[in-house]
Amino acid sequence: MLTPKIPQLIPAQGIHWSTQRVVAVVTQISILIIAMILLSNVVITLGERRLQEDWAAQRYSELQAVGSLIADKVSFQQFRTQMFAKSELLNRYLNIPSEVRQLKLEQNWDVITNNIPELLDIALFDPQGKFKFSTTENFSHEPLPPALLGGARNMGGNEIYTSSLEFTPINGKLEPYLYQLAWLENPDQSIRGYLVTYNSMSRMLKSIKPAYSSNESPLLMLDTQGLLYAGAEKKPTIKRIPDTMGGSLKQTYPALWRKMAMSNFGQFHGDDATFVYLKVELATQYEARREYFLVSYVRNDDIAANFSEWRKILITVGIVLTALASFLILLSHFYRLEQRSRQYSAQLASRLFNLDGGCLIVNDTNRVISANEQAAQLLSTPIDELKERSLQRILQFEDDQFLQVLSSIEINNFWSAELADLDENAPMLRVVIKSETDSHFNPYLLVSLEDVTLLKQTQHNANLNSLLNDSAVATALVLSDGNLEMANNAFQTMMSIEPNQQVNLIKLLNNDLGSQWSSICQQIMLQGQWSGKLLCEAEGADNHCVQATLKGHLDNAGDIEYIVCTLEKAHETLPQTGQSNLKPHRSTILTNLRDLDNYFTSLTPYNRDGSSLVLIDITAEGMLSHMSDIGQLESRQKEVELHLLKGLPIHYQMSHWQLGKLIIILPNTTADNAHQFAVKSLNDLNDIGLGSGICMGIAAYQTGQSLEMFLSNAEVALKRAKQIGEQNICQAFTRQN
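What you see as residue numbers is a count from 1 along each chain, following the sequence as written. Confidence filtering applies because this is a predicted model: local features only for residues at pLDDT of at least 70, side-chain atom pairs given and counted only at 80 or more, and all residues used for totals across whole chains, interfaces and linings. The side-chain quantities take in all heavy atoms of the structure and omit both hydrogens and water.

Visitor: Would you take a moment to explain the pairing of strand S24 (residues 661-666) for this structure?
Guide: The side chains of a regular strand alternate between both faces of the sheet. With 6 of its 6 residues buried, S24 lies for the most part within the structure. Whether a residue is buried, partly exposed or exposed follows from its accessible area with a 1.4 Å probe, protein chains only, as a fraction of its type maximum: under 20%, in between, or over 50%, in that order. Helix numbering and strand numbering both begin at the N terminus, where a helix is a DSSP run of H or I of at least 4 residues and a strand a DSSP run of E of at least 2. Across the two faces of S24 the burial is the same, with Lys661, Ile663 and Ile665 and Leu662, Ile664 and Leu666 all buried. At least two bridges found by DSSP between two strands are what make those strands a pair. Pairing between strand S22 (residues 612-617) and S24: 6 bridges, direction antiparallel. Looking across to S24, one finds that Leu613 is bridged to Ile665. Sheet analysis places strand S23 (residues 653-658) next to S24, joined by 5 bridges and oriented antiparallel. Within the sheet, the bridge partner assigned to His656 lies in S24 and is Leu662. Adjacent in sequence and paired antiparallel, S23 and S24 are bridged by 2 residues, among which Gly660 carries a positive phi angle near 95°.

Visitor: Would you explain helix H18 (residues 593-602) in this entry?
Guide: For an α-helix, the turn length of 3.6 residues means that residues three or four places apart are oriented alike. Listing the buried residues of H18 in full gives Leu596, Tyr599 and Phe600. For H18, the angular spread of the buried residues around the axis is 100°, confining them to a single face. In this structure, H18 carries Arg594 and Thr601 as exposed residues pointing more than 90 degrees from its buried face. Whether two residues are in contact is decided by their heavy atoms, any of which lying within 4.5 Å being enough. Packing partners of the buried residues in H18 comprise helix H19 (605-609), S23, S24 and helix H22 (707-724). The arc in question is traced by the directions running from the helix axis to the C-beta atoms.

Visitor: What's the story with the environment of Arg290 in this structure? I'm lost.
Guide: Relative to the assigned elements, Arg290 resides in strand S11 (residues 289-299). Sequence separation between Arg290 and Val280 is 10 residues, and the spatial gap between their C-alpha atoms is 8.5 Å. Apart from residues no more than four positions distant in its own chain, Arg290 is found in contact with Tyr161, Thr162, Ser163, Ser164, Val280, Glu281, Leu282, Ala283 and Gln285. A polar side-chain atom of Arg290 sits 3.0 Å from the main-chain carbonyl oxygen of Thr162. A 3.5 Å cut-off defines polar contacts: any pair of N or O atoms within that distance qualifies, except that in protein one atom must be a possible hydrogen donor and the other a possible acceptor, and neighbouring residues in sequence count only when both atoms are side-chain atoms.

Visitor: Any chance you could explain the packing of aromatic side chains here in plain terms?
Guide: Stacked, edge-to-face and tilted are the three classes for Phe, Tyr and Trp ring pairs, Trp counted by its six-membered ring, which pair at centre distances within 6.5 Å; planes under 30 degrees apart are stacked, over 60 edge-to-face, the rest tilted. The full count for this structure, using the stated rule, is 23 aromatic pairs. Their ring planes at 40° and their centres at 6.5 Å tell us that Phe76 and Phe79 sit as a pair that is tilted. Here Phe79 and Phe76 lie together in helix H1 (residues 19-85), a separation of 3 residues that amounts to about one turn. With 5.3 Å between their ring centres and 70° between their planes, Tyr701 and Phe710 make a pair best called edge-to-face. Neither residue differs from the other here; Tyr701 and Phe710 are each classed as buried. Among the aromatic residues, those joined into a ring-pair cluster are Phe139, Tyr161, Tyr177, Tyr179 and Tyr198. Ring-over charges, as used throughout, are those where CZ of Arg or NZ of Lys falls within 6 Å of the ring centre and within 35 degrees of the ring normal. Cation over ring: Arg240 sits above Tyr253, and NZ or CZ is 4.2 Å from the ring centre.

Here it is in C-alpha cells:
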C-alpha cells in the first residue's frame, strides 16, 4: 500500500528544478552524448583499421606465395625451353632440313602448345636471327635483336635468355607475355639457330591462383616503371588505378607509386582502398634483372561492410550505455534535490519557532498546542499560559466575530486582519491564520503574529507630512542632476506639470538655470543654499519674478544628495543708491578681465591703495604638450578654483585671466599678508594633491597704477617664481617714484 504524500506547509519545501540545475543536467548529458559518439567513432575506426591490418598481413603472405610460384614457373619454363632446344625432332631438322621433318616438328609443337595453357607459341630462327617458322601467327616475324646474335651475346650454351614483359594482340586483346631464347650450337660452338618460346603472364597468374582474377581479391602486376601488365581484365572498382593494359600507375596514382618506389614491400592506406605491394624477381641474368611489383588492394567500403555487424553492436552498446548514464545523472540530481528538500523541511521546522514574528499552532478545537517566544512577547503572556488557551480569548473576539473568522478560514483557508488593543501602549498586531493538515490529514491552524506598530506610525507620519507639504508655497525635491523627485500641488500648478510626469528642473528652466547649474551646485556645496530670481517676465521688474531658494542636503561624502527647491513671489525692492552692482559675492568667479577692472575700479581708495594681487599659474610641467591636454587642464583648473573658494576670505575676489592662470585681488592687504595667504593656499593644495606645478606671483599696488600695470608687475614675479623652482612663490620689487 502506497503511503500518502505528506502535505507541505509552503511550496518551497517541494522539489524545484532551478534554471542552473536544468542547464547543468543538459550540459552533463550533452557532454556524455558527445563523449560516447567520439568514443564509438574511435572504437569503430580502430576496429576497421585492425581488420585492414589483418587483411594486409594475409594478403602479403599470399603475394609472397604468388611471387615464389611465378619465379618457380619462370625457372621451369627455362628448363622446358632447354628441353625443347635439345629435342630429337629439332636436331634431325637442323641436321637435314626437309619439309617432312619440319611438318613433324610443327605438329609436335602444336601438341605441346595445346596442352600447356601459358605456352603461346614456339618459333625457330636461323643463325642470322631471321624468322623461319612457328606454330602460330600471333607474334611478329621480325629478326631477333642484334644483342642476342653471334659474338655480341653474353650468354650461350645451356643458358636461357628471358625477356622482359611485352604485349601482343591475341583475339582482339592485349596479352602480356615474355619470351625465352635458347641458343642452338654446333659442337664447335658455332650457331645453328635460335629457339624461342612465348609464355603468357596472365595465364600463368590464373593457373597459380584463379581467385586473383576476381574483384574480391584483385592482383596487379607492374614493372619498375609503373606500367600495368596484369590485372586489368575487369574494370577496377576504385579510382586512380589503370583500367587498360600498359596504363601507368605512376601517372594515375603518384602517391602510391612514390611509396612503392621507395621500398620493395609495404602497405599504403589510400582514401578509397588499402594497398599491399611486393617486388619479385622473375629471372636473374647477365644483361638485366627482371623485377616486377605484385599489388593487391581491398576497398575501404568492403572493410566497412565486413565490419558493419560489429559497428551495429558497438552503436547499440553505446546507445544503451548513454541511456543508462543519462538515467544515472537524472537519478543523482533527483536524489540531491530530494535530500535538499528534506533538509530544507527540517530547517524550516527548526526555524519556524525562531523567527522574528510570533507563531501559534492551534488544534481542531481552537486550542493553542504550541507557541514560540516571539508570540509570547507580542501577546505579553508567558508561553506556559498560552498553551491550552482558546484562540478566541487570545484574540479577544466576541462570539459572532470569531464565528466569522472560522467561516472565512473554512471557505478560503486563510484570514488576516490588523488588531489594536484598547491600551495605547500595546502594540498593533497583524494576524494571519492559515488552515493546514498534518501527515494523517488532521486539520490544524497556523497563526502568524507580526508587530506592525512602527509601520502604522510611519504611515501616519507620512500622511501628516503629506498634509504639511500641501501648502501654498511651491516646494519640490530635486536630485543633483536636476531630475524632479517629488513636488507638491502648488509647485505642479505653478510649473504646469502632471503629478507623475518625469521632469528635469534644468531643462524646465533652461533660460534661467541651464548655464548656471554647475555654479549653483558649487555654491550649495560651499554655503548650503542658493537664492535667486527666476521666471522674470520683464527685465528689472521684480514684481514679475519668482524668488527661488535651493537648499542642499549632502551625503556622507560631501556630495549633493537632494535639493529642496521653494518658489515664492519676489518682494518688490527699492534700488539702493551709492551701491555698485558690479561688486560680486566672494563665491562668484569673474570670467573676464573687463569685469575684474570694473570691480577693481569700484573699490574704495582706501582698500585699493593698500591692496595686493596674486597671479596663480596652475599649469603643471608638460601638461600642454599636446592639444588633448586642454580638457585635462580645464578640469584641474575647476578643482583648484573650488578648493581656493573654500578658504578665500570674504573680501577677496577671484577672476579668470588666461587658460591655466587665475587672478586674486586682495583689498586692504599688505604684500607680507598676501605672501602668507599664498603660502597657506599652496600648502592646502599640496595636502589634497593639487599643488604640483603651481606657481604664484605677488605684486603690491602702487598709487596711480592701472589694473594692467598692477597685473604686469605680478606677471614679472610669476616668471621669476618659475625660474627659482624652490618655493614657487615670488614677490615683485616695486617702489614709489
